[in-house]
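Chain by chain, the residues:
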Amino acid sequence: MFQSIKSYIVALWPGPVSPELKKSVESAIESNKILVYSKTYCPYCTATKDLLGKYGVDYKLIELNTTSDGGEVQRALQEISGQRTVPNVFINGEHIGGNSDLQALESKGELRNLLATL
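Residues numbered from 1 in each chain as written. Predicted model: local features only at pLDDT ≥ 70, side-chain atom pairs only at ≥ 80, totals over all residues. Heavy atoms only, no water.

Asker: Please provide a residue-by-residue account of the nonpolar core, values included.
Answerer: In terms of nonpolar packing, the biggest core is built from 16 residues, with V25, L35, Y37, L64, V73 and L77 touching the most fellow members. Elements represented by at least two residues in this core include exactly helix 2 (19-31), strand 1 (34-38) and helix 4 (70-81). A total of four residues in this core trace back to one element, the largest contributor, which is helix 2. Ignoring anything within four residues of it in the chain, the contact list for L64 reads Y37, S38, K39, G70, V73, Q74, L77 and V86. Core analysis: the next-biggest nonpolar cluster, separate from the first, contains 13 residues, L52, V89, L102 and L105 among them. (Core = buried A, V, L, I, M, F, W, Y, C linked by side-chain atoms within 4.5 Å. Buried < 20%, exposed > 50% of the residue type's maximum accessible area, 1.4 Å probe, protein only. Helix = DSSP H or I, 4+ residues; strand = E, 2+ residues; numbered from the N terminus. Contact = heavy atoms within 4.5 Å.)

Quick look at the structure:
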């Protein structure tokens, strides 16, 4: 009985990600001018990719649902940025947020200026 309860708890809250994985994600964030963590089937991710495509900027794209450690990477992103949802966007190492945050920058005319600094 105790083992089944323990398995249930671990499934709900698996604990922190490994320091190595967290360091790997942080390194990816730091080494890419624009980094987008996404999922191929997510309409908000598509909107983010379309908006960045409008500006013709190069960006690193990591599709979490096509990598074997996508779930772990998503947990690492939550520890790093406080955001678990996708898309999860970083520009110049700074956490921008998700699609609504990127669209808000566009609406205010600030996205063009931010991308121009790259």
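Asker: Give me unusual backbone geometry: which residues, what numbers.
Answerer: Peptide bonds are trans in most cases, and residues, glycine excluded, mostly fall at negative phi. A cis geometry characterises the amide bond from V86 onward to P87, with omega recorded as 0°. Relative to the helices and strands, P87 is located in the loop between helix 4 and strand 3 (88-91). Despite not being glycine, N92 has its phi angle at roughly 50°, a positive value. Along the chain, the position of N92 falls in the loop between strand 3 and strand 4 (94-97). Owing to a relative accessible area of 44%, N92 belongs among the partly exposed residues under this scheme.

Asker: Quick one: what's the story with the side chain of E106, residue by residue and with numbers?
Answerer: Relative to the elements of secondary structure, E106 occurs in helix 5 (residues 99-107). Under the relative-accessibility criterion, E106 is labelled buried at 19%. If sequence neighbours within four positions are ignored, E106 has contacts with L51, K54, Y55 and L111.

Asker: Outline the pattern of salt bridges, supporting the account with residue identities and numerical values.
Answerer: By the definition in use, this model includes four salt bridges. With a closest N to O distance of 2.5 Å, R75 and E72 form a salt bridge. With R75 and E72 both in helix 4 and three residues apart, the pair spans about one turn of that helix. Residue R75 is classed as buried on the basis of its relative accessible area, which comes to 14%. (Salt bridge = Lys/Arg side-chain N within 4 Å of Asp/Glu carboxyl O.)

Asker: How would you summarise the sheet that holds strand 1 if you had to cite specific residues and measurements?
Answerer: What the four strands build is an open sheet, ordered 2-1-3-4; its pairing is mixed. Among the strands making up the open sheet, the edge pair consists of strand 2 (60-63) and strand 4. Averaged over neighbouring strand pairs, the angle between their axes works out to 20° when direction is ignored. Two elements, strand 1 and strand 2, share four bridges in a ladder whose sense is parallel. The residue of strand 2 that forms the bridge with Y37 is I62. (Pairing = 2+ DSSP bridges. Axes fitted to C-alpha atoms, helices over the stretch in contact; angles between N-to-C directions.)

Asker: Outline the environment of V25, listing residues and values.
Answerer: Structurally, V25 is set in helix 2. We classify V25 as buried; its relative accessible area is 3%. Apart from the residues lying within four places of it in its own chain, the contact partners of V25 are Y37, V73, A76, L77 and I80.

Everything listed is a geometric property; what it means functionally is a separate question.
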